[in-house]
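Remarks on the overall topology
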Amino acid sequence: MTEIYAIYGASGCGRSLMPVAREQLERDNIQAEIYFIDDSLTEKITINGHVALNYEAFKELKADKKFALIAIANSQIREKIAIKLEQDAIERWTVQADNVVLMDEVEISPGAALSPFVTITSNIKIGKCFHANLYSYVEHDCVIGDYVTFAPGVKCNGNIHIEDHAYIGTGAVIKQGTPDKPLVIGKGAVVGMGAVVTKSVPPGVTVVGNPARILEKNKFLKF
Ligand code: UDP
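On a predicted model such as this, the values are computed, not experimentally measured, just so you know. (Residues numbered from 1 in each chain as written. Predicted model: local features only at pLDDT ≥ 70, side-chain atom pairs only at ≥ 80, totals over all residues. Heavy atoms only, no water.)

1. Points about unusual backbone geometry
Cis peptide bonds are those with omega within 30 degrees of zero, and the linkage from Asn-210 to Pro-211 qualifies with -5 degrees. Relative to the helices and strands, Pro-211 is located in the loop between strand 24 (206-208) and strand 25 (213-214). One non-glycine residue with positive phi stands out, namely Asn-123, at about 60 degrees. Structurally, Asn-123 can be placed in the loop between strand 11 (119-120) and strand 12 (124-126). (Helix = DSSP H or I, 4+ residues; strand = E, 2+ residues; numbered from the N terminus.)

As structure tokens, then:
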């Protein structure tokens, strides 16, 4: 049976995750080609030693089974591509670096990308296509929804719930919740780089600063 693998997205995120994907295949003892898929390509080229082509060309490749990791930070695009892959019977692929630490009772849905130095401790549930970038951690009893994105160095402490499509910026620190009252980051919320989040964040808003506050556009301010 022939299997082929792909990293979907050949920009920054994809090129950072390709070496992680190679580690994954090596650990699984699978010898197979890993392609880049990128829809901006009009012809087959080579990127960092891998064949790169657009999705239509990837679909035409002959194989019994195809797997793809969507390596694009924008969660809306990830969801759109995930739906397309499912329709085309291309399996979502989870990749993790060799030095990722996963402790007890960690449940991660397919399509995750766990970069080097990520730690996920115990009793944690994570939804589809999660991205945890370099040095991020998720502490005990967290529940993370679908298409959630962590930039590098996110400190997600215990008893935190993060809803679908939330984006947590580089180095943000989120205060732990309690078992009866988890701290909740609402659906589609954005936590700015370096923010210190001390209380729940409503859906759809952006918070910044220490302590993190909702960023509101000032109608009276002219630039
Ligand atoms: N892209 C794609 N298909 C899509 C949307 C995006 O192949 O439907 C590619 C796009 O051409 C680009 C990459 O995904 O190369 C996204 O790169 P970007 O620099 O925006 O973000 P990052 O790599 O940081 O996620």
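2. Focus: the site of the ligand
By nearness alone, 13 residues border the ligand, and Ser-11, Cys-13, Asp-38, Asp-39 and Ala-73 come closest of all. In the environment of the ligand, an oxygen atom lies 2.6 Å from a nitrogen or oxygen atom belonging to the side chain of Asp-38. Summarising the interface, the protein chains cover 66% of the accessible area of the ligand, which totals 550 Å² for the free molecule. Elements with a contribution of two residues or more to the shell around the ligand: helix 1 (12-27) and helix 3 (75-87). Ranked by residues supplied to the shell around the ligand, first place goes to helix 3 with three residues. Its residues assigned to classes, the shell around the ligand comprises six nonpolar, four polar and three charged. (Near = heavy atom within 4 Å. Polar contact = N/O pair within 3.5 Å; in protein donor to acceptor, adjacent residues only side chain to side chain. Areas by Shrake-Rupley, 256 points an atom, 1.4 Å probe, with all protein chains shown as cover. Nonpolar A, V, L, I, M, F, W, Y, C, P; charged D, E, K, R; others polar.)

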